[in-house]
Amino acid sequence: MSDKCTSRFGRRRPFIFAGAVSIMIAVLIIGFSADIGWLLGDRGEMKVRAIAAFIVGFWLLDVANNMTQGPCRALLADLTRHRMRTYCYWSQIVVSLGSGPWDELFGGGNSPAFFVAALSAFAGGLIAILAIPRTRVQKPKILA
């Protein structure tokens, strides 16, 4: 899909941005699935709504990862010079910050870790989008 995109932001960046936002939302849904379940009416032993929220979040995370990885790989292939590859690696470094010891720093529980991971994923996507120089893609000429 991104091969034929003629957005003013480039071929890959709109897909990467949408994927990064979707990943952030999915990680927040997963991290707060118990709270979402409670808001939806889970009060007893069986947390059916929390499980459903977790499944929806996990499904969204899977779709969003796939939606993001393809354009990211294609963008890296488009920009083959060594200097530009370094910018792509920065986004992965920022995302890995989300796996730090955040739960212990903020008093325990997984919610802070999921929140930091979601922000890290979003920031990593923004770094990749904003730091890599854009290349103009010519619209294909239709020959009659």
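All figures in this text were calculated on a predicted structure; none of them were measured in a lab. (Residues numbered from 1 in each chain as written. Predicted model: local features only at pLDDT ≥ 70, side-chain atom pairs only at ≥ 80, totals over all residues. Heavy atoms only, no water.)

A count of helical and extended segments in the protein chain gives six helices and zero strands. The N-to-C order of helical and strand elements in the protein chain reads α-α-α-α-α-α. The 144 residues of the protein chain split such that 30% are buried. Long-range pairs, those at least 24 residues apart, make up 69% of the contacts in the protein chain with a sequence separation of at least 6. (Helix = DSSP H or I, 4+ residues; strand = E, 2+ residues; numbered from the N terminus. Buried < 20%, exposed > 50% of the residue type's maximum accessible area, 1.4 Å probe, protein only. Contact = heavy atoms within 4.5 Å.)

Inspection of the secondary structure assignment puts Ile30 in helix α1 (residues 13-31). A sequence separation of 27 residues divides Ile30 from Gly57, and the C-alpha atoms of the two residues are 5.1 Å apart. Setting aside anything within four residues of it in sequence, one finds Ile30 in contact with Phe54, Gly57, Phe58, Leu61 and Phe114.

Right, let's get into the UniProt feature "transmembrane region" (unreviewed entry) in the protein chain. Within this numbering scheme, the UniProt entry marks residues 15-40, 46-65, 86-102 and 114-132 as carrying the feature "transmembrane region" (unreviewed entry). Strand forms 0% of residues 15-40 and helix 92%; the C-alpha atoms that close the span are 32 Å apart. Along residues 46-65, the helical share is 90% and the strand share 0%, with 30 Å between the first and last C-alpha atoms. (UniProt positions renumbered as here; feature names shortened; annotations may be inferred.)

All right, on to the packing of aromatic side chains then. A complete count under the given rule lists one aromatic pair for this structure. Between the NZ or CZ atom of Arg43 and the centre of the ring of Trp38, over which it lies, the distance is 4.2 Å. (Phe/Tyr/Trp six-rings, centres within 6.5 Å; stacked < 30°, edge-to-face > 60°. Lys NZ or Arg CZ within 6 Å of the ring centre and 35° of its normal.)

It is worth spelling out the environment of Val56 at this point. Within the fold, Val56 resides in helix α3 (residues 48-78). For Val56, a relative accessible area of 47% gives the class partly exposed. Separated by 23 residues in sequence, Val56 and Ser33 place their C-alpha atoms 9.4 Å apart.

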